[in-house]
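Residues per chain, in single letters:
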Amino acid sequence: MDLDILDATIFDGHSVLPADRISIRGGIVTEIGTGAPAQLAERTIEAAGRLVTPGFVDAHVHTTFGGQESLACDLSGCEGLDEAMAAIRAHLDSTADSGEEWVTGGGWSMADFPGGAPRAELLDALGTTRPIMLVSRDHHSAWVNSTAMAVAGLDATTSTPAGGVIEKDPDGTPTGCLHESAMDIVGAHIPPAGDEEILAGLLAGQSYLHRLGVTAWMDAIVGDYSGHRSPYDAYVRAESNGQLCAEVVGSLWWPRGVEDIDAEVARLVELRRTHPEATVPVPSTHPEATVPAAGTHPEATASSPRPGAFRTHSVKFMLDGIIESRTAAMSAEYACACGGFGTSYFTRDHLHRAFAALDAAGFDIHCHAIGDAAVKAALDAFEAIAAVRPDARHHIAHVQVVDPVDIPRFAQLGITANLQALWACRDQQMIDLNLPCLGEERSSWQYPFRSFRDSGARLAMGSDWPVSTADPWEAIHVAVNRSHPHDGDAAPLVPEEAIDILTALRAYTSGSARLLRSSTNGRLRPGTVANLAMASANPFEIDPEKLLDIRTELTIAAGRIVHDALSPETVRPRDPDPAVAPTPDPT
C-alpha cells in the first residue's frame, strides 16, 4: 500500500509535529516531512489540515464479547425502555425459526429501570417460551425472564452466592435481575458458544474498532466469564490465518474462586504468549525507507513487529463491582438508604500474595477498581511487592472514586491510571444511581484525571466497549469538557478534573501502547508499519464542545487500509509522468 497524506496536522503520539506530510510505501511509514515528496504515491490524500494520529490504542475493551453481542440481541443502541423492548421483539421474530433455544445478548441501560433493576414480567409479557438472559451495558447485571429462572432453578429458596446480588421482592421472590456473581446462576445453563461464533464475534468487534480508528487494544477478559467462553483460541486462530489485523494483548482472567495461588500462576504461565515476533522488512523497491529523512526519528528502524500479533502477558483482576448496584467497594458506607460497603472479591492477603507471585513470574497486572476501597486495596497490594520489576506495566482501570490521599501513590508506585473517560459526565445513570449513593464528598472524588496528570501518574485510555461506545473522540470530548451533550444534566461533572486535548490524545495513543509493550502502535515514526487514523477535523482549531462531532475518516492498521470514509474530493490519483510513454494496449 503506497500513500501520501498531504497538508495534514500530525500528532505523533507525544506532540504536534512541525510537518504536514506522511509518506507510506509498501505499508511502511517511510517519511514524515513537509511539502510534496520527490515522487507522489499511487494514491494521495489532501488532508486540508485534518489531524492524523497514531492509531488509537484501546487499553480496556471486550472485543469478542461486544462483537458476539452485536450479532445477538443487541440493545446497545437503544434509547429508553420502549426502544429496548421493540428490539427484543424484533429479535424474537427474526430468530423464531432459527432453532436457537436461548435468547442472549444485552446492552440495556440501568437508567431505564427504577433502581436500575429490570423485572422478569417485562420479558414474560413478550409471550415467548424461550429462556432469555440479557446482560446490562456495563456487564455487571443480567435481566432474565421467568423461563430462564425456572431452567436454573432460581426461586425464593436460592441462596445468594458470595459476591453477588439477587434482586428480590419483599416475600423473597427473585424479580428477574441478577448482579455480579449471581449472574452465573442462570448463565451456567446457557450452551457455550461454538468456535465459529466466537471467531465471528472477534471479527465483528475488530471491524467496529477499525471504523473508529483503533489499531491495537487490550482485551480486558480472556477467560470464561458470565456466560462467555474464553476468546483465547479465537485470537490464536485469527492470528494464524491472517484475519487478525491489529496488535492485541489479552488480559488472562484471574477467577474469583482461586484457592491455590501458585497453581493458578502456573496455569497462566502455560497460556502466556510472549513469543518473539517476526519482522516485516522494508521492501527493497523503496530504499528511501532505510535512511530517515531530516527531522525524522533517528532511532526508527526498517523492521517492525509482525502485524496481527496476539500476546498474553497481562492478568486481569476484578476487585469490585459497580456503584449502580452498590457492589463497588467503598471505605465508608453508601449514602443511600441501602447502606453497606459494597463487595470486595478478594481478601487483602490473597491480593498481596497473588500480585507478588504474578510480578515475579513476569506478568503485568490489570485491575478493575471502581470504589475507593478497591483502588486503595490494589495500591496496597502493589506497594507490598518486595521489588517490583522496573519494566512492569501494572495498571488500574476505571478509577471512578479515588480518595485524594491515594492519587500521588500512582506515580510513586509506577502504576498507570487506565481511564474510561466517557463515564465522567452527568448522564442519567450518574444522576439517578451514582450521586445519591455516593454523597457530596465522594461525588467530588470521581474520575480525578487532572489530579492524576498533575501528580505525575502515567495515563492510558480505553472504552470498556460494549459497556459504552468505543469511539475515542466521544471519550476525549468528555475528558476535556466533563460533560456530554446527550447527558441528563449538561453541567460538567467535577469540572476541575478536566484535561486538555493533548493530554487525552497522549493517553489514548502512546500511553495505552506502553501498557501493551508495543513498538509499532501509539507513535508515528518512519521505518515502522503504518498504524494511523485520520480525523474529520483538527481538534486544536475547533470549539472543544464540538469534539464529539469528529469522526474517523481513515484507518490504516498493520500497513493496510481497514476503514475508508473519505470523500471523493479528498483523494486524488497520482498525475501521470509525462516523460513516460503510455504502454500500448496489446489488444
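Along each chain, residue indices are assigned from 1 in the same order as the chain's sequence is written. Since the coordinates come from a predicted model, pLDDT governs what is reported: local features require at least 70, and pairs of side-chain atoms require 80 or more to be given and counted, while whole-chain, interface and lining totals use all residues. Only hydrogens and water are set aside; all other atoms, that is, all heavy atoms of the structure, feed into the side-chain values.

The name recorded for the chain in an unreviewed UniProt entry is Amidohydrolase 3 domain-containing protein, from Brevibacterium celere.

At least two DSSP bridges between two strands are needed for those strands to be called paired. Each helix is a run of DSSP H or I of at least 4 residues and each strand a run of E of at least 2, with the numbering of both proceeding from the N terminus. Here we have eight strands laid out as an open sheet, ordered β7-β14-β15-β16-β17-β18-β19-β20, and parallel in their pairing. Edge strands, defined here as strands with exactly one partner in the open sheet, are β7 (56–61) and β20 (459–461). Taking each pair of neighbouring strands and ignoring which way they run, the sheet shows an average axis angle of 25 degrees. In this structure, strand β14 (residues 214–222) lies alongside strand β15 (residues 247–253), joined through five bridges in parallel fashion. Its bridge partner lying in β15, M218 is registered against V249. By definition in these notes, contact holds between two residues if any of their heavy atoms fall within 4.5 Å. The axes used here are C-alpha line fits, helices contributing only the stretch in contact, and every angle between their N-to-C directions lies in the interval 0 to 180 degrees. Sheet strands in contact with helix α9 (residues 348–360) are β16 (310–318) and β17 (364–369), and its direction is about 170 degrees off that of β16.

Summarising the sheet, strand β12 (residues 164–168) and strand β13 (residues 174–180) pair through four bridges and their orientation is antiparallel. Considered in β13, the bridge of G164 is made with E180. Remark: five residues form the turn of the hairpin made by β12 and β13, two consecutive strands paired antiparallel; G172 in that turn has positive phi of roughly 95 degrees.

Before going further, it helps to spend a moment on the packing of helix α1 (residues 63–70) against helix α6 (residues 195–211). Closest axis-to-axis distance for the α1/α6 pair is 7 Å, and the angle between their directions is 100 degrees. As summarised for this structure, α1 and α6 are arranged roughly perpendicular, according to the angle between their axes. Taking contact as the criterion, the partners of T63, T64, G67, Q68 and S70 in α1 are, on α6, E197, I198, G201, L202, A204, G205, Q206 and L209. For this classification, the nonpolar set comprises Ala, Val, Leu, Ile, Met, Phe, Trp, Tyr, Cys and Pro, the charged set comprises Asp, Glu, Lys and Arg, and every other residue, Gly included, is treated as polar. Here the residues of the contact of α1 with α6 are counted per class, giving four nonpolar, eight polar and one charged. Each angle is binned into one of four classes, with values under 35 degrees roughly parallel, values over 145 roughly antiparallel, values of 65 to 115 roughly perpendicular, and all other values oblique.

Turning our eyes to something else, we now look at helix α13 (residues 435–443). When accessible area is computed with a 1.4 Å probe and restricted to protein chains, residues below 20% of their type maximum are described as buried, those above 50% as exposed, and intermediate ones as partly exposed. Of all the positions in α13, only L435, C437, L438, G439, R442 and S443 are classed as buried. Check the buried side of α13 and you find it contacts α12 (428–433).

Moving on, we come to the packing of helix α8 (residues 261–271) against α9. Where α8 meets α9, the axes come as close as 10 Å, and the angle between the chain directions of the two elements is 35 degrees. Judged by the sense of rotation from one axis to the other, the crossing of α8 with α9 is right-handed. Where α8 approaches α9, its residues I261, V265 and L268 are matched on the opposing element by H350, R353, A354, A357 and L358. Its residues assigned to classes, the contact of α8 with α9 comprises six nonpolar, one polar and one charged. Crossing handedness is read from the near helix: turned anticlockwise from the far helix by less than a right angle, it gives a left-handed crossing, and turned clockwise, a right-handed one.

For each structure, a 1 Å grid was placed over the protein atoms alone; sets of points admitting a 1.4 Å probe that cannot get out are labelled cavities, open sets with protein on both sides within 12 Å along at least five of seven lines are labelled pockets, and lining residues have an atom within 4 Å of a point. Grid points are joined across faces, edges and corners, and a volume is the space filled by probe spheres set on the points. Counting across every chain of the model gives two cavities of 30 Å³ or more. There is about 100 Å³ of room inside the largest cavity. As for the largest cavity, its lining consists of 14 residues, and the residues nearest its centre are H62, D138, H140, M318 and D464. Where each domain starts and ends follows an automatic or database-derived domain assignment. Three or more residues apiece are contributed to the lining of the largest cavity by two domains, here domain 2 (102–188) and domain 3 (195–276 + 310–516).

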